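Listed here are the chains, written in short residue letters.
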Amino acid sequence: SEYSFGHHDAYLFREFQLGNSYQVDYLLVGKSSDGYNFIFIEFENPYGRISLANEEFGDVIRKGLSQVSDWMLWTEESYSSLSGSFEKETNNQLPKEFYRLDTSRMNYAVVAGRRNDYKEKTNNLRRRLLREKNVRLFHYDNLYDLSEKVVGRPSY
């Protein structure tokens, strides 16, 4: 359920612009044995209306998912304009995957809330979101758990 890039290239872009319309909190681009994959990440509030009393997504999660939906549409319609953004950010020649749209390489993530905000139905909706739209929904405790796994491990 985690992203894995092995021991290959990885690029991290903070507050990455999608044209003049949108800004991604983080864009992580990593290489695995099948090439580069792009993860567009939106961070939302760890507190607030994460889920409703009926365990449906609350305002905070819906806001993040709305932004991801906008990014998906933008990348499909305007991906060619990203090449200028990548060149501006890196000042060098990047692999061809950076310049051609391949939606199978596009991944999206929203980070919102804390573990105790996610109940049985919320988790079911989260799994469905991944399966149907290729959007991962994390809570901040997931990030903490994943960080603990990698701290102190070799990164080479």
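One numbering rule holds for all chains: residues counted from 1, following each sequence as written. Totals for whole chains, interfaces and linings use all residues, but because this is a predicted model, local features are given only for residues with pLDDT of at least 70 and pairs of side-chain atoms are given and counted only at 80 or more. Note that water and hydrogens are dropped before the side-chain values are worked out from all heavy atoms of the structure.

So, helix α1 (residues 59-78)
Owing to its 3.6 residues per turn, the α-helix brings residues three or four apart onto one side. Only DSSP runs of H or I covering at least 4 residues are called helices, and only runs of E covering at least 2 are called strands; the numbering of each starts at the N terminus. Working rule for helices: expected span equals 1.5 Å times residues minus one. End to end, α1 covers 28 Å across 20 residues, agreeing with the expected 28 Å (1.5 Å per residue, within 8%). Note on classification: 1.4 Å probe, protein chains only; a residue is buried when its accessible area is under 20% of the maximum for its type, exposed when over 50%, partly exposed between these limits. Taken residue by residue, α1 has Val 60, Ile 61, Gly 64, Leu 65, Val 68, Trp 71, Met 72, Trp 74 and Thr 75 as its buried positions.

Examining the sheet that holds strand β5 (residues 135-138)
Pairing between two strands requires that DSSP report at least two bridges joining them. One open sheet accounts for 5 strands, arranged β1-β2-β3-β4-β5; its pairing is mixed. Two strands lie at the open edges of the sheet, namely β1 (10-18) and β5, each paired on one side alone. Within the sheet, the average angular offset between the axes of one strand and its neighbour, ignoring direction, is 25°. Bridge count for strand β2 (residues 22-32) against strand β3 (residues 35-43) is 7 bridges, and the pairing is antiparallel. In the sheet register, Leu 28 faces β3, and the bridge partner there is Ile 39. Any two residues whose heavy atoms approach within 4.5 Å at even a single point are treated as in contact. Only the contacting stretch of a helix is used when fitting its axis, a line to C-alpha atoms as for every element, and angles between N-to-C directions run 0 to 180 degrees. Together, β3, β4 (106-111) and β5 form the strand contacts of helix α4 (residues 140-150), whose direction differs from that of β5 by roughly 90°.

Quick word on the nonpolar core
If you look at the biggest cluster of nonpolar residues, it comprises 32 residues, and the most contacted ones within it are Phe 38, Phe 40 and Phe 86. Among the elements that make up this core, the one with the highest residue count is α1 (7 residues). Setting aside chain neighbours within four positions, we find Phe 40 in contact with Leu 18, Val 24, Tyr 26, Leu 27, Trp 71, Thr 75, Met 106, Asn 107, Tyr 108 and Ala 109. Counting residues in each nonpolar core, the second largest holds 5 residues, with Ile 39, Ala 109, Val 111 and Phe 138 among its members. In this text, buried Ala, Val, Leu, Ile, Met, Phe, Trp, Tyr and Cys residues form a nonpolar core when linked through side-chain atoms within 4.5 Å.

Describing the side chain of Asn 142
Inspection of the secondary structure puts Asn 142 in helix α4. The class of Asn 142 is buried, set by a relative accessible area of 17%. Polar side-chain contacts of Asn 142 include one of 2.9 Å to the backbone nitrogen of His 139. Leaving out residues up to four positions away in the same chain, Asn 142 has contacts with Arg 115 and Arg 126. Counted as a polar contact is a pair of N or O atoms within 3.5 Å, where, for protein atoms, one must be capable of donating a hydrogen and the other of accepting one, and residues adjacent in sequence contribute only when both atoms are in side chains.

Here we look at the packing of aromatic side chains
By convention here, two paired aromatic rings are described through the distance between centres and the angle between planes. Only Phe, Tyr and Trp rings are paired, with Trp represented by its six-membered ring, and only when their centres lie within 6.5 Å; those with planes under 30 degrees apart are stacked, over 60 edge-to-face, the remainder tilted. The tally for this structure, following the rule as stated, stands at 6 aromatic pairs. Ring geometry for Tyr 11 and Phe 13: centres 6.4 Å apart, planes at 10°, overall stacked. The class for Phe 13 is buried, based on a relative accessible area of 4%. Each ring, one from Phe 40 and one from Tyr 108, has its centre 5.2 Å from the other, and the planes form 20°; the classification is stacked. With Phe 40 in strand β3 and Tyr 108 in strand β4, this pair connects stretches of sequence that are 68 residues apart. Classification of Tyr 108 by relative accessible area gives buried; the value is 5%. Taken together, the ring pairs connect Tyr 11, Phe 13, Phe 16 and Tyr 36 into an aromatic cluster.

By themselves, these figures tell us nothing about what the structure is for.
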